[in-house]
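# Chain and residue survey
Each chain is listed here by its residues.
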Amino acid sequence: MTNFRSPFLQLATERGYVHQCTDFEGLDRLLADHPPVSAYIGFDCTAPGLHVGSLLQIMLLRHLQRSGHRPIVLIGGGTTRVGDPSGKDESRKLLDDETIAANAAGIRSVFERFLTFGDGPTDAIMVDNQDWLGDLRYVDFLRTVGRHFSVNRMLTFDSVRLRLEREQPLSFLEFNYMILQAFDFAELALREGCVLQMGGSDQWGNIVNGVELARRLDGAGHTLPPLFGLTSPLVTTASGEKMGKTARGAVWLNASMRSPYDYWQFWRNAADADIGRFLRLFTEVPLDEIHRLEALRGQEANVAKIRLANEATRLAHGDREAERAEATAQATFEQGGTGEALPTILVPAEEFDAGMSVVKVFARNSVLASTNGEARRLIRGGGARVNDVKVIDEHRTLGPSDLVNGEVRLSAGRKRHAVLRPVRTPDAD
């Protein structure tokens, strides 16, 4: 289907969010005739934040809410203890409870920018599946839920089949993941009236399991409405790279893990072939305006890239950070200045005064170099600059004579910049 009565499905389709649905007609009818509809997406707590690879799903929840429906963010405090085998060759590292709780807090902070939380009919809520998975009685769970799952069929799902075909180990713990995710859907239907689960296309099998589990449980002591599943395409860049990953690591949505300026630069450096698609998926720019922007060619395409960077940064970090990032980029690349939003390396003044290895300084901020070895290679290749002067000696040290207006400007290539500022401790002379 391409023409929907429900504004949400129509918008999601036009902007490229839709890949598969368990029942397009039924879901469209429900969304159009019985708003607000509650829908959820799950996010496991495997890291202290979320990166751009999760942004499509976050935007989908945002569009759902703006279309008059109720988003549910499911934090996987329970399923993180198991590990989703989808798309992985190795078992996920088991995390302790303290780490999972800290990661969950970092993930929660991301959503505050994108969704409106509260007690209203379309206000978002956040729940943690540890609340119900943590209290499961295993034998009772197997008798009630496990009997509805065929091992023969479970072996055909991509998350399992691909791991086995590559002769990679699959633990019994991970094998249970799809059952737990299906149970999450049924539990949210009972607790919150949630009837729609959304996710990436790699979650299709898990989502279908939840829809089918609800149908089998209905009437067996439970009263569950018909459930629906909707998936989005997995996004890669024009060069084939996985979205959210770069040669320099993940593009985090948390400002504490990647500065708003670096986040802005990620979008500003998008390939020409990605501009239109990224504007549709990761901003709220109207489609007619996107059509105009993606038609720009040559140097004019930079206008579209700046618009993409501004809009994406505004959603993740707010108007002020987007404006600061653009102003800093303009000062850095057009006027030869530094700008206030550049990543800053703070070092003790005493250490700086004594002389600091330029290699260690560059490796001190991952924006410039991830390791000392990478910093040395950067210098040997002629890509390292201090105050716009090429570094030719990897044994060079930085000190007070390098300060310009109280700071040192560092550059790795033409697009990665940072400033170093010595900081004197209060008790220092």
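Further up the page is the structure itself.
Notes on the structure follow. (Residues numbered from 1 in each chain as written. Predicted model: local features only at pLDDT ≥ 70, side-chain atom pairs only at ≥ 80, totals over all residues. Heavy atoms only, no water.)

## Quick notes on the overall build of the protein
If you tally the helices and strands in the protein, you get 19 helices and 15 strands. Taking all 429 residues of the protein together, 51% fall into the buried category. (Helix = DSSP H or I, 4+ residues; strand = E, 2+ residues; numbered from the N terminus. Buried < 20%, exposed > 50% of the residue type's maximum accessible area, 1.4 Å probe, protein only.)

## With respect to helix 19 (residues 372-380)
Taken residue by residue, helix 19 has Ala 375, Leu 378 and Ile 379 as its buried positions. For helix 19, the angular spread of buried residues about the axis comes to 95 degrees, placing them on one side. Seen from the open side of helix 19, the exposed residues pointing more than 90 degrees away from its buried face are Arg 377 and Arg 380. Looking at the buried positions of helix 19, the neighbouring elements they touch are helix 18 (358-362), strand 11 (384-386), strand 14 (408-412) and strand 15 (416-423). Just downstream of helix 19, Gly 382 is the residue with a positive phi angle, here 80 degrees. (Arc of directions from axis to C-beta. Contact = heavy atoms within 4.5 Å.)

## Describing the packing of aromatic side chains
Tallied over the entire structure, the rule returns eight aromatic pairs. Seen from their ring centres, Phe 43 and Phe 111 are 5.1 Å apart, and the 65 degrees between their planes marks the pair as edge-to-face. Separated by 68 residues along the polypeptide, Phe 43 in strand 2 (residues 38-44) and Phe 111 in helix 4 (residues 97-114) bring together distant segments of the chain. Measuring from centroid to centroid gives 5.6 Å for Phe 278 and Phe 282, while their planes differ by 65 degrees, and the two rings are edge-to-face. Here the residue Phe 278 and the residue Phe 282 both occupy positions in helix 13 (residues 275-282), the gap between them amounting to four residues, near one helical turn. In this pair, the class of Phe 278 matches that of Phe 282, namely buried. (Phe/Tyr/Trp six-rings, centres within 6.5 Å; stacked < 30°, edge-to-face > 60°.)

## Description of the sheet that holds strand 5 (residues 194-200)
With respect to topology, six strands assemble into an open sheet ordered 1-6-5-2-3-4, the strand pairing being mixed. Single-partner strands in this sheet number two, and they are strand 1 (20-21) and strand 4 (125-128). Here strand 2 runs beside strand 3 (residues 70-76); their pairing, made up of seven bridges, is parallel. Each residue of the ladder has a partner; that of Tyr 40, found in strand 3, is Ile 72. (Pairing = 2+ DSSP bridges.)

## Remarks on the packing of helix 13 against helix 14 (residues 287-294)
Where helix 13 meets helix 14, the axes come as close as 9 Å, and the angle between the chain directions of the two elements is 160 degrees. By the angle between their directions, the pair helix 13 and helix 14 is classed as roughly antiparallel. Crossing angle aside, the handedness with which helix 13 passes helix 14 is right-handed. Where helix 13 abuts helix 14, its residues Gly 276, Leu 279 and Arg 280 lie against Leu 287, Ile 290, His 291, Leu 293 and Glu 294. (Axes fitted to C-alpha atoms, helices over the stretch in contact; angles between N-to-C directions. Parallel < 35°, antiparallel > 145°, perpendicular 65-115°, else oblique. Left-handed = near helix turned anticlockwise from the far one by under 90°.)

## Some details on unusual backbone geometry
Here the residue pair Pro 35 and Pro 36 is connected by a cis peptide bond, since its omega of -5 degrees sits within 30 degrees of zero. Among the structural elements, Pro 36 can be located in the loop between helix 2 (24-33) and strand 2. With a phi close to 70 degrees, Asp 388 is a non-glycine residue in the positive phi region. Within the secondary structure, Asp 388 sits in the loop between strand 11 and strand 12 (389-390).

## Considerations on helix 12 (residues 260-268)
Within helix 12, eight of the nine residues are buried, which leaves the element mostly enclosed by the surrounding structure. Restricting attention to buried positions, one finds in helix 12 the residues Pro 260, Tyr 261, Asp 262, Tyr 263, Trp 264, Gln 265, Phe 266 and Trp 267.

## Things to note about the pairing of strand 9 (residues 344-348)
On strand 9, burial follows the alternation: Ile 345 and Val 347 on one face are buried, whereas Thr 344, Leu 346 and Pro 348 on the facing-out side are not. Sheet topology note: the strand 9/strand 15 ladder contains five bridges and is parallel. Residue Pro 348 lies in a different strand from strand 15, and its bridge partner there is Val 423.

## Describing the pairing of strand 3
Counting buried positions along strand 3 yields seven of seven residues, so the element is predominantly enclosed. The alternating pattern of strand 3 places Arg 70, Ile 72, Leu 74 and Gly 76 and Pro 71, Val 73 and Ile 75 on opposite faces, both of which are buried. Note on the crossover from strand 2 through helix 3 (residues 55-66) to strand 3: the handedness is right-handed. Here strand 3 pairs with strand 4 via four bridges, running parallel. Across the sheet, residue Val 73 finds its bridge partner in strand 4, namely Met 126. (Right-handed = clockwise from strand over helix to strand, strands pointing away.)

## Thoughts on the pattern of salt bridges
For the coordinates displayed, the defined rule picks out 21 salt bridges. Between Glu 187 and Arg 191 there is a salt bridge; the shortest N-O distance is 2.8 Å. Here Glu 187 pairs with Arg 191, and both are found in helix 10 (residues 177-192), just four residues apart, close to one helical turn. You can call Glu 187 buried: its relative accessible area is 15%. Taking relative accessible area as the criterion, Arg 191 reaches 44% and is therefore assigned partly exposed. Salt-bridge contacts for Lys 305 lead to Asp 272; the nearest nitrogen and oxygen are separated by 2.7 Å. With Lys 305 in helix 15 (residues 301-317) and Asp 272 in the loop between helix 12 and helix 13, this residue pair connects regions lying 33 residues apart in the sequence. The buried category is assigned to Lys 305, whose relative accessible area is 11%. (Salt bridge = Lys/Arg side-chain N within 4 Å of Asp/Glu carboxyl O.)

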